[in-house]
Amino acid sequence: MTDTLPTFAELCRALLAVESFIAVALASTLAVSALYSRSRKARVETRLVRGRAIMARVLAEDARAGDLESLTALPWSTRIALVLEFAPSLAGRERERLTNIGGTLGVVAHAEALCRSCVWWRRLRGARLVTALDDDSPAMRDLLRDPSSAVRAQALVWAAGRIDQDVIDELVRHLVDPERLCRFTVQDSLLRLGNPAAAALARFLASAESAGLEDGLAVARGLAHPELLSPVLALASHPSDRVRAHAIAVLGVLGGEIAVRSLGEHLLDPSPLVRAAAARATGELGYWQASSDLARLLGDSSWPVRRESALALRRLGGAGQLSLRRALKDANPFAADMARQVLDLPDPVYNRIAG
Amino acid sequence: MIEQLRPFVATALRLLDGGVLVYFLIINAAYLALLISATVEMIVHKLRIWGESRWRVLGSAVTPSISMLAPAYNEEATIAESVTALLALHYPNLEVVVINDGSPDGTLGVLTKRFGLQPIHPIVWKRIETKPVRGLYRSRSHPNLLVVDKENGGKADALNVGLNMATGDLVCVVDADTIIEADALQRLARPFLSDHDVLAAGGTIRLVNGSTVEGGRVVEARAPRNFLAGVQVVEYFRAFLFGRLGWNRLGGNLIISGAFGLFRRDEVIDVGGYTHDTVGEDMELVFKLRRKAYEQRRRHSIAFVPDAVAWTEAPETARVLGRQRDRWHRGLFDVLWRHRTLFMNPRYGVLGLFCIPYFVFVELLAPVVEVLGWMALVLSVSFGFLDASVAGLFFLVAYGIGLVLGTYALLMEEWSFGRYHHLRDRFVLLAFLLVESFGYRQLTTVWRLRGIWNFLRGRTDWGKMERRGFAKPSLVRDSAAPLAVDARSLGAH
């Protein structure tokens, strides 16, 4: 190493010089940034406090002369911050007023321009602003098919506020979106839309093969709309046990004679997942006539099926309780144990009943 | 005699010097890659969360449910406050499961009195074998609070009981003495909403020492006055904002802190829950999850969410800190040893070819190489093979790299979250960064070497950890354990 000393030493010196420069630069940036952020924070906070007071007056239709001008005179960042701050806590007429104020302040136009940007994060900002203002901007419809999943998801959030058949159809199509974020958002948006989404969802469930079915059925369970009964009944015979289990859960909230008959058949399904779902749904519907079938499932080889059938029996009232008490003496120890757990009997009582 | 040995010593020292130099270069290249990756990740993260409205998640019917698992042992002094804070977290479908791990003190009594617990008999599928459960209680005043009283079996056993009892889609593992920010769960759940392949997500752990805590919330973040706590704050910044964030983009996150992590419950149960006979159970669980996913050829990821923040208390005495670092390093060695077949194994992709070698060479062996490096430097100078001024220059270069990385981490904190509002605090932290290489780093090297030695001797105890407590003095077992927190490791020396 001795013969390479000069080179190594020179290298070290050069490196040290570079490091010193970077370290000093970073430390100075840190100091300047800290100083700047402190003064900026004080400035911004003052503007925000003033802006909040004016915005509150304008929203309450109690504006003084010059209030709107004062808001317009605020910097962009403050105007946007105010809109984003007020939006989540407003609804109805006050929300409409906020949208109008957003238009007057130029925030809507700014957001629409952002929505048309070729940079994904600018489009995302635009979409978030338009969503916050709940504005029916045509630019947002294009974003429903944006290549960026974050932007697409934001557009799907916006769509939850639009009762428009084209938008609803587009929403339902996103149940098969390759991105999980979009699928989650679309489920939430469809649930928020409520009944207007039922017809489109029923069409989707009737035509889809397997992708998106589980998510679609989860929405169907939340909507519990009678229009969904026919496609859901068909899906109860789907080859995938997960889809069948979801369909059974929907039948449990839809109810009716046909649903109950289907549930009874699925108590004998080869898949434990489906049997458990059918037992739970039967209990939720309070269909006491199925108590003997449920009692039979107390001896099932699958723990979740035993649990769900025992809980369903407990929900069924007198008939179910009777089946559970009988099961305490069942030759199958698993059935007796589950019945005991569900009945939550103290040891002396259990010993007396079980003999 | 010495003259005869001189050529051999010279050759040996040259080899050692060369080895240390190569190690130094490799390690710093790795840091550079992490630094770039962390920067890109932070920029993308900040762009993604601009104007984000989390109230939708709060009100959505499809948001996954979360069960918080909080093991408690001898925490009668702080348990009521901790559980109240957990119950106040902003998240829908939240269940809090407190597992009293056979505390001989009045932990259960305090909980019963404060939350009106009444015995219940839920139907539990014991999918993971655990020590017997003595009783189950549900709160009358807070129906989403479940308290499990069990025989003492350690933290891993307590968490496994919690996994059996939990009903949430996701389970959040917390220490009973960790302060979680009110909206941290919403933030931490974000990766599970956006990606189906996420197995687990971890948040940022910050040190509460010096900060103001009121009603179970950190109301003002301040830099600690205590030297050891101060240098640990800088270390944690480096480890989380630079190490874990960097690995996020590279797909190599291996650590979810035991103080605050979110997991898919079914996935954790499928791998058998937490392992009992290790002190690195947090890391071991992530290893098992990733290993299984690779073996099943499934796409998967472990996410780190920088803006989901939990606060914990750092040890303020050398004795306690030494025990903690010893245990972390033992845990790291243990986990790497258990999964040694993954090392450089192409079947395990990035995990086998990059992450584990990084953890072996950069984290585990760092103190060994550091000591060897110091010895080589001193001997080379003593034998006249290396000029003292060059050795000094090399030390300064190494110190400078550490300084640059540390300052960069502080700057990232300033630009990204800026939790420290007082100007003085930034300068105090910068001062801690400047002095940490003189004494503190050498101490951590000794503690970590002790950890390696203790592992080789087969020591597996946790050791008692003393903490001052946020509000009043308390004695709690330490389990924050952000393993390999010192991501900078040897490189700087």
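Each remark here, short or long, concerns the structure printed above.
Note that the coordinates shown come from a computational prediction; the quantities given were computed from them, not determined experimentally.

Peer 1: What am I meant to see in the overall build of chain B here?
Peer 2: Scanning chain B from terminus to terminus reveals 15 helices and 12 strands. Its C-alpha radius of gyration of 23 Å places chain B within 12% of the 23 Å reference for a compact globule of 493 residues. Here the C-alpha coordinates of chain B stretch approximately 80 × 50 × 45 Å along the principal axes. The long-range share in chain B, meaning contacts at least 24 apart out of those at least 6 apart in sequence, stands at 81%. Accessible surface computed for chain B: about 18000 Å², of which carbon and sulfur atoms make up 62%. Computed over 56 positive and 48 negative side-chain charges, the separation of the two mean positions in chain B equals 1 Å.

Peer 1: Got a minute to help me understand the state of the cysteines in this structure?
Peer 2: Here, disulfide denotes a covalent bond that connects the sulfur atoms of two cysteines. Here the structure, examined in full by the defined rule, presents zero disulfides over all chains. Looking at the unpaired Cys118(A), the closest cysteine sulfur is the one in Cys115(A), lying at 13 Å.

Peer 1: Got a minute to help me understand helix α9 (residues 165–173) of chain A in this structure?
Peer 2: One turn of the α-helix equals 3.6 residues, which is why residues spaced by three or four share an orientation. Residue and element names in this part refer to chain A. Buried residues of α9: Val167, Ile168, Glu170, Leu171 and Val172, and no others. Contacts made by the buried residues of α9 are with α7 (138–143), α8 (149–159), α10 (180–193) and α11 (198–207). The opening residue of α9, the one whose side-chain oxygen lies 2.9 Å from the backbone nitrogen of Asp166, is Asp164.

Peer 1: Help me understand the pattern of salt bridges in this model?
Peer 2: Pairing between side chains of opposite charge can happen when the charged atoms of each approach one another. All names here are of chain A. Going through the model one piece at a time under the given rule, you end up with 49 salt bridges over all chains. Note that Arg221 and Glu284 form a salt bridge whose closest N and O atoms lie 3.3 Å from each other. Of this pair, Arg221 sits in helix α12 (residues 213–223) while Glu284 is found in helix α16 (residues 272–285), placing the two residues 63 residues apart along the sequence. According to the relative accessible area criterion, Arg221 is partly exposed, its value standing at 35%. Within this structure, Asp134, Asp136, Arg141, Arg162 and Asp164 form a network of salt bridges that share partners.

Peer 1: Please clarify how the interface of chain A and chain B should be interpreted in this entry.
Peer 2: The accessible area lost on association of the parts is a frequent measure of interface size. Opposite the 51 residues of chain A that make contact, chain B presents 50 residues. For the pair chain A and chain B, the interface holds zero salt bridges. If one sorts the elements of the side of chain A that touches chain B by residue count, helix α1 (residues 5–59) of chain A sits on top with 21 residues. Among the residues forming the side of chain A that touches chain B, the class breakdown is 33 nonpolar, seven polar and 11 charged.

Peer 1: Just to check I follow, could you spell out the side chain of Thr178(B) for this structure?
Peer 2: Residues and elements named next belong to chain B. Its location among the elements puts Thr178 in the loop between β6 (170–174) and β7 (179–180). By relative accessible area, which is 7% here, Thr178 ends up buried. When near neighbours in sequence (up to four residues on either side) are disregarded, Thr178 contacts Ala259, Ala310, Trp311 and Thr312.

Peer 1: I would appreciate a short explanation of the sheet that holds strand β1 (residues 66–72) of chain B in the present structure.
Peer 2: Remark on secondary structure: sheet strands pair via backbone hydrogen bonds, oriented parallel or antiparallel. Residue and element names in this part refer to chain B. Taken in spatial order, the 10 strands line up as β3-β4-β5-β2-β1-β6-β11-β8-β12-β7 in an open sheet, and their pairing is mixed. Two strands in the sheet have a free side with no partner beyond their single neighbour: β3 (117–119) and β7. Sheet strands in contact with helix α3 (residues 79–87) are β1, β2 (94–101), β5 (145–150), β6 and β7, and its direction is about 160° off that of β2. Where helix α7 (residues 227–250) meets the sheet, it contacts β8 (198–207) and β12 (301–312), and its direction lies at approximately 155° from that of β8.

Peer 1: How should the environment of Asp334(B) be read in this particular structure?
Peer 2: Residues and elements named next belong to chain B. In this fold, Asp334 is placed in helix α10 (residues 318–338). Measuring from C-alpha to C-alpha, the distance between Asp334 and Ser60 comes to 42 Å, with 274 residues separating the pair along the chain. Setting aside residues no more than four positions away along its own chain, Asp334 makes contact with Asp277, Thr278, Val279 and Phe455.

Peer 1: Sorry, what's going on with unusual backbone geometry here?
Peer 2: Residues apart from glycine generally show negative phi values, whereas peptide bonds are mostly found in trans. Residue and element names in this part refer to chain A. Even without a glycine there, the phi angle at Asp134 is positive, about 55°. Checked against the element boundaries, Asp134 lands in the loop between α6 (120–133) and α7. On the accessibility criterion, Asp134 (31% relative accessible area) is partly exposed. Backbone geometry at Ala224 places phi at a positive 50°, although glycine is not the residue there. Along the chain, Ala224 falls in the loop between α12 and α13 (229–235). Using a relative accessible area of 33% as the deciding quantity, one classes Ala224 as partly exposed.

Peer 1: Could you clarify how one ought to interpret the nonpolar core in this entry?
Peer 2: One broad rule of soluble globular proteins: the nonpolar side chains tend to lie buried together. Ranked by internal contacts, the top residues of the largest apolar core, which has 231 residues, are Leu205(A), Met68(B) and Phe260(B). When sequence neighbours within four positions are dropped, the list of residues in contact with Met68(B) reads Leu86(B), Leu89(B), Leu94(B), Glu95(B), Val96(B), Val97(B), Cys172(B), Val174(B), Ile180(B) and Leu185(B). Within the second largest apolar cluster, 29 residues are counted, among which are Val148(B), Ala158(B), Phe263(B) and Ala293(B).

Peer 1: Looking at this structure, how should I read helix α12 (residues 366–382) of chain B?
Peer 2: Here α12(B) spans 24 Å end to end across 17 residues, near enough to the 24 Å set by a 1.5 Å rise per residue. The complete set of buried residues in α12(B) reads Ala366(B), Pro367(B), Val369(B), Glu370(B), Gly373(B), Ala376(B), Leu377(B) and Ser380(B).

Peer 1: Looking at this structure, how should I read the packing of aromatic side chains?
Peer 2: Pairs of aromatic rings are described using the distance from one ring centre to the other and the angle between the two planes. Evaluation of the coordinates by the stated rule reveals 19 aromatic pairs over all chains. For the ring pair Phe237(B) and Tyr420(B), a centre distance of 6.0 Å and an interplane angle of 85° mean the geometry is edge-to-face. Of this pair, Phe237(B) sits in helix α7 while Tyr420(B) sits in the loop between α13 (388–416) and α14 (423–435); the two residues are 183 residues apart in sequence, bridging distant segments of the chain. Assessed through its relative accessible area of 3%, Tyr420(B) is described here as buried. Joined through ring pairs, the aromatic side chains of Trp374(B), Phe395(B), Tyr399(B) and Phe438(B) make up one cluster. A cation over a ring is seen here: Arg79(A) above Trp76(A), with NZ or CZ 4.4 Å from the ring centre. If you follow Arg127(B) out to its NZ or CZ, it ends over the ring of Trp125(B), 4.7 Å from the centre.

Conventions and cut-offs
Residues numbered from 1 in each chain as written. Chains lettered and ligands numbered in written order. Predicted model: local features only at pLDDT ≥ 70, side-chain atom pairs only at ≥ 80, totals over all residues. Heavy atoms only, no water. Helix = DSSP H or I, 4+ residues; strand = E, 2+ residues; numbered from the N terminus. Rg over C-alpha atoms; globule rule 2.2 N^0.38 Å. Contact = heavy atoms within 4.5 Å. Areas by Shrake-Rupley, 256 points an atom, 1.4 Å probe, with all protein chains shown as cover. Lys, Arg positive; Asp, Glu negative; His and termini not counted. Charge placed at Lys NZ, Arg CZ, Asp CG, Glu CD. Disulfide = S-S within 2.5 Å. Buried < 20%, exposed > 50% of the residue type's maximum accessible area, 1.4 Å probe, protein only. Polar contact = N/O pair within 3.5 Å; in protein donor to acceptor, adjacent residues only side chain to side chain. Salt bridge = Lys/Arg side-chain N within 4 Å of Asp/Glu carboxyl O. Nonpolar A, V, L, I, M, F, W, Y, C, P; charged D, E, K, R; others polar. Pairing = 2+ DSSP bridges. Axes fitted to C-alpha atoms, helices over the stretch in contact; angles between N-to-C directions. Core = buried A, V, L, I, M, F, W, Y, C linked by side-chain atoms within 4.5 Å. Expected span 1.5 Å × (residues − 1). Phe/Tyr/Trp six-rings, centres within 6.5 Å; stacked < 30°, edge-to-face > 60°. Lys NZ or Arg CZ within 6 Å of the ring centre and 35° of its normal.

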